[in-house]
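Below are the chains, spelled out letter by letter.
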Amino acid sequence: MISFLGSIALLIIGYYIYGKFVEKTFGIDDSIKTPATTLEDGVDYVPMKWRKIFLIQFLNIAGLGPIFGAIQGALFGPAAFLWIVFGTIFAGGVHDFLSGYLSMKNKGDSASELVGKYLGNSTKNLMRVFTVILLILVGTVFMTGPAALLTTLTSIDTQIWVVIIVLYYILATVLPVDAVIGKIYPLFGAALLIMAIGVAGGLLFQGYDIPNIAFENLHPKGQPIFPFLFITIACGAISGFHATQSPMMARCVEKESEARRIFYGSMVAEGIIALVWAAAAMTFFGGVPQLDAILSQGGPSVVVNVISRTLMGPIGGALAILGVVVCPITSGDTAFRSARLTIADAMRLDQGSIKNRFMISIPLFIVGIALTFIDFNIIWRYFSWANQTLAMIMLWTGSAYLAKHNKNHFISTIPAIFMTAVTFAYILQAPEGFRLHAGISNTIGITIAIVFTILFSIKAKKLRSEVK
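Residues numbered from 1 in each chain as written. Predicted model: local features only at pLDDT ≥ 70, side-chain atom pairs only at ≥ 80, totals over all residues. Heavy atoms only, no water.

A. Quick peek at the overall build of the chain. Of the regular secondary structure elements, the chain holds 18 helices and zero strands. Relative to the compact-globule value of 23 Å for 468 residues, the chain shows a C-alpha radius of gyration of 21 Å, a close match. In terms of its C-alpha atoms, the chain occupies a principal-axis envelope of roughly 60 × 45 × 40 Å. Buried residues in the chain amount to 60% of all 468 residues. A separation of at least 24 residues holds for 84% of the contacts in the chain among residues at least 6 apart in sequence. Accessible surface computed for the chain: about 17700 Å², of which carbon and sulfur atoms make up 68%. (Helix = DSSP H or I, 4+ residues; strand = E, 2+ residues; numbered from the N terminus. Rg over C-alpha atoms; globule rule 2.2 N^0.38 Å. Buried < 20%, exposed > 50% of the residue type's maximum accessible area, 1.4 Å probe, protein only. Contact = heavy atoms within 4.5 Å. Areas by Shrake-Rupley, 256 points an atom, 1.4 Å probe, with all protein chains shown as cover.)

Structural data, given as structure tokens:
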């Protein structure tokens, strides 16, 4: 119990102390006009109040990520608390802030364009393809999952629900950002926060014994903490998907000083939600072995449903449906919208024309629908790795920007080094990867991280000399 409450306190303190340090490192200047005002087009560049943007950004990056990922991560035991807390403060918060901040500094450019500007054109072209693939995977995952759950609730065929969801996705992708997203997302974002508060209150006031932090690995199947925990819990600690969402909201921010509240703040809010669900998952059923049994039978959605209904009654049941159905849909639609913006940025294609928006969007949905016929679990596994790989690349991008401007790049370089080791070690030993022995894959992952660090040091010196 003390560890759980202390972890929440650390996240809040981290927002006010480390978040301000990050903000000061990058620099804030409200005299500089943001893209929302200089490029306002009524479609993607639309000025909004920061509180509304915060809730939209929060829902964009959250959805089911910090719930399902935290539930799966709870299998490792209370060690998951440490990754959520320190990952959010020193990695995820920095990552989300720099992706939003750099986008504001570069006319609202998408993640791939930012990578190209600071890491080179060859990396940019790779990132364009990588980012669009990741976003289509996200959109597909959050298309098939909710459709299957809606079939369970209504007995209507899954493919019919897929068609309905796709039609909604098309509207959310091509209509102005304030037409659908700006109106309903703040409400769903608030509901997601209320859901987490209700679950946390039930744990605290109904006598559940939340375990304190322990450094032992409790995973029933023996999965090692490194690197599996750091891939399993992405949203709620650090997630590359956020880098694709931050530019979308960076086009709506009215002042630079609002960036910390919107980007770093929404990441901290997501971290708190991940903490709540990790604590609930490892506590509610009586321990990690019991949680593993429930997950084996019905998956994370069953865990969400049972916990919500028990701790919050009928309201919890309604919020559970919201959580496992509506929230993933609201991540899927913004994934496709971000894919449209990424392609438009690459092609320099004006998005003021609805014809141009449809010209990009329709092929994306054709690919997404085709992917719905592939096993959900396979898509999800590759998404998880691709997600953290994108986060790693974005952190190196932030380091390049800071080095170029002779600022403290270590705030992003250190987490970039760590995530480099994690992502390479994971794909080398994961079931969907090369299945190498853990000792070999971890050694290679760490070696690659060291090589990346050396290469970055050389590039940093070059960037600083160019400025001089």
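B. Up close: the pattern of salt bridges. Enumeration over the complete set of coordinates arrives at nine salt bridges. We note a salt bridge from R348 to E113, for which the minimum N-O separation is 3.9 Å. Taken together, the residues R348 in the loop between α14 (300-347) and α15 (354-371) and E113 in helix α6 (residues 111-119) connect sequence positions 235 residues apart. One salt bridge in this structure joins K221 and D292, with 2.9 Å as the shortest N-O distance. Highlighted residues: K221 in the loop between α9 (181-205) and α10 (225-232) and D292 in helix α13 (residues 288-298), separated in sequence by 71 residues. (Salt bridge = Lys/Arg side-chain N within 4 Å of Asp/Glu carboxyl O.)

C. Examining a nonpolar patch on the surface more closely. A grouping of I446, I450, V451, I454, L455 and I458 is seen on the molecular surface, where their side chains present a nonpolar patch of about 560 Å² in accessible area. Mapping I446 onto the fold places it in helix α18 (residues 438-467). (Patch = residues over 30% accessible without salt bridge, like charges linked within 9 Å, V, L, I, M, F, W, Y side chains within 5 Å.)

D. Summary view of the packing of aromatic side chains. This model, assessed by the stated rule, comprises 28 aromatic pairs. An angle of 85 degrees between the planes, with centres 4.7 Å apart, marks the rings of W83 and F230 as edge-to-face. Linking W83 in helix α5 (residues 79-105) with F230 in helix α10, this pair joins segments that are 147 residues apart in sequence. Across the pair, exposure class does not vary: W83 and F230 are buried alike. (Phe/Tyr/Trp six-rings, centres within 6.5 Å; stacked < 30°, edge-to-face > 60°.)

E. Highlighting the side chain of D109. In this structure, D109 sits in the loop between α5 and α6. Here D109 occupies a buried position and makes no salt bridge, while the nearest side chain of opposite charge, R348, is found at 4.1 Å. Every residue in contact with D109, bar those within four places of it in the chain, is listed here: S103, L114, P247, R251, D345 and R348. (Lys, Arg positive; Asp, Glu negative; His and termini not counted.)

F. How the structure looks around the UniProt feature "domain: CstA N-terminal" (unreviewed entry) in the chain. Taking the numbering used here, the UniProt-annotated feature "domain: CstA N-terminal" (unreviewed entry) corresponds to residues 7-143, 150-283 and 295-424. Overall, residues 7-143 shows 76% helix and 0% strand. The separation of its end C-alpha atoms is 33 Å. Taken as a whole, residues 150-283 contains 67% helix and 0% strand, while its terminal C-alpha atoms sit 28 Å from one another. (UniProt positions renumbered as here; feature names shortened; annotations may be inferred.)

G. The packing of helix α8 (residues 158-174) against α15, seen in detail. The geometry of α8 relative to α15 is characterised by a closest axis approach of 10 Å and an angle of 150 degrees between their N-to-C directions. Here α8 lies roughly antiparallel to α15, going by the angle between them. Note that α8 runs across α15; the crossing there is right-handed. Across the interface between the two elements, V166, Y169, I170, T173 and V174 from α8 touch R357, F358, S361, F365 and I369 from α15. The class makeup of the residues in the contact of α8 with α15 is seven nonpolar, two polar and one charged. (Axes fitted to C-alpha atoms, helices over the stretch in contact; angles between N-to-C directions. Parallel < 35°, antiparallel > 145°, perpendicular 65-115°, else oblique. Left-handed = near helix turned anticlockwise from the far one by under 90°. Nonpolar A, V, L, I, M, F, W, Y, C, P; charged D, E, K, R; others polar.)

H. Region of the structure containing unusual backbone geometry. At the junction of F226 and P227, the peptide bond is cis and its omega measures out at 5 degrees in the coordinates. If you trace the backbone, P227 turns up in helix α10. Of note in the backbone geometry, K107 takes a positive phi value of approximately 60 degrees without being a glycine. Structurally, the position occupied by K107 is in the loop between α5 and α6. Phi is positive for N406, close to 55 degrees, though the residue is something other than glycine. Structurally, N406 can be placed in the loop between α16 (376-404) and α17 (410-429). The exposed category is assigned to N406, whose relative accessible area is 63%.

I. Examining α8 more closely. Counted at 1.5 Å a residue, the expected span for α8 with its 17 residues is 24 Å, and the 25 Å between its end C-alpha atoms agrees. Where α8 starts, the residue carrying a side-chain oxygen 3.0 Å from the main-chain nitrogen of Q159 turns out to be D157. (Expected span 1.5 Å × (residues − 1). Polar contact = N/O pair within 3.5 Å; in protein donor to acceptor, adjacent residues only side chain to side chain.)

J. Seen up close, the packing of α9 against helix α12 (residues 259-284). For the pair α9 and α12, interaxial distance at closest approach is 10 Å and the crossing angle is 40 degrees. Relative to α12, the element α9 lies oblique. As for the relative orientation of α9 and α12, their crossing is left-handed in sense. On α12, the residues touching L192, L193, M195, A196, V199, A200 and L203 of α9 are I273, V276, W277, A279 and A280. Within the contact of α9 with α12, the residues separate by chemical class into 12 nonpolar, no polar and no charged.

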